[in-house]
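Each chain, written out:
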Amino acid sequence: MTKVLICDLDGTLLDKNNEISLESMKKVQSFSNSGGIFIIATGRLDHDIVYVEKQLGIQGDYRISQNGAVITNKGGTVVFKDEINSYVAKGIMEILDERNERVEVNDAIRRYFSSPRPMGGVAEFVDSAVIDPQLSKEVGDSLIPTSFLIFGKKLGFKEIKTAISKKYDNIVNCVETSDSSLEIMSKNVSKGIAVRKIMKEMNISTKDVYVIGDSENDISMFEAAGYSFAIDGTSEKVKQKADEIQKTVADCIEVVMNKSPKVR
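Residues numbered from 1 in each chain as written. Predicted model: local features only at pLDDT ≥ 70, side-chain atom pairs only at ≥ 80, totals over all residues. Heavy atoms only, no water.

A.B. asks: For the overall build of the protein chain, give the residues involved together with the corresponding values.
C.D. replies: The number of helices and strands found in the protein chain is nine helices and 14 strands. Over its C-alpha atoms the protein chain spans a radius of gyration of 18 Å, differing by no more than 12% from the 18 Å that the globule rule assigns to 264 residues. Based on the C-alpha atoms only, the size of the protein chain along its principal axes is roughly 55 × 35 × 35 Å. Split into buried and exposed, the 264 residues of the protein chain put 50% on the buried side. Accessible surface computed for the protein chain: about 12700 Å², of which carbon and sulfur atoms make up 47%. Taking the average place of the 35 positive charges on the side chains of the protein chain and the average place of its 39 negative ones, the gap between the two points comes to 3 Å. (Helix = DSSP H or I, 4+ residues; strand = E, 2+ residues; numbered from the N terminus. Rg over C-alpha atoms; globule rule 2.2 N^0.38 Å. Buried < 20%, exposed > 50% of the residue type's maximum accessible area, 1.4 Å probe, protein only. Areas by Shrake-Rupley, 256 points an atom, 1.4 Å probe, with all protein chains shown as cover. Lys, Arg positive; Asp, Glu negative; His and termini not counted. Charge placed at Lys NZ, Arg CZ, Asp CG, Glu CD.)

Listed below in structure tokens is the structure:
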């Protein structure tokens, strides 16, 4: 049976310099050439997955972007997206407008800002940012977001989460994706939910699905797949949720291809 390997990007396939090791690149190619299906799941937008696939010289059957809010097939068609209700999006924007943190609004294909990003503030491979001084007015009308990303400090995040939970606790999740970033997305979104959707679409068994990740938002993938790997160096919480710990993606692929680990 065909094996499917779903892999996170930042901190997993990509190192701190946004690069893929030659060893991991060769292993991904070997896995794909032997009939395996390699799928990328990331918090980045879809065009960054396309960029990475070109670097790898492979193309996955699907691409999971924005932590599961968007799924695109290999033909470039968005087959799933979970947008935040326009009324709720407007309300969230009003809450965020009361604060001074920098806010990024994403739809299925682009990032939107009300002002230019600071020098060196572009982390993605493909910069699709749209600068719109009227962004606050557009959200919920001409712009229906898949997610909000706020850049600031933990104290400010606490206030934002409290304000949003009072009004929209049953509709959206607020997740601190780093010490300086807070993401707001639909409660119906996670990498794990996206993995299950792809499994259903491809009609594949859980036992044939392997996942690799390094952060807390990858745990939902661990729970959806037949076998999971955490990259060494991640938190103990993530390690405890994984079936196996490996140093690199190349090491994980070696296990998947040759050792056929026992599925729980």
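A.B. asks: Before we move on, could you go through the environment of Val195 and cite the residues and values that matter?
C.D. replies: Relative to the assigned elements, Val195 resides in helix H6 (residues 191–202). For Val195, the residues in contact, after removing those within four places along its chain, are Ile6, Ile64, Val209, Met221 and Ala224. (Contact = heavy atoms within 4.5 Å.)

A.B. asks: Describe the sheet that holds strand E3 (residues 62–65), naming the residues involved and giving the relevant values.
C.D. replies: An order of E5-E4-E3-E2-E1-E12-E13-E14 is seen for the eight strands of this open sheet, with the pairing classed as mixed. At either end of the open sheet lies a strand with only one pairing partner, and these are strand E5 (78–81) and strand E14 (244–246). Here the strands of the sheet are splayed against their neighbours by 20° on average, with no regard to which way each runs. Helix-sheet contacts for helix H2 (residues 46–56) involve strand E2 (37–41), E3 and strand E4 (70–73), and the interaxial angle to E3 is about 130°. (Pairing = 2+ DSSP bridges. Axes fitted to C-alpha atoms, helices over the stretch in contact; angles between N-to-C directions.)

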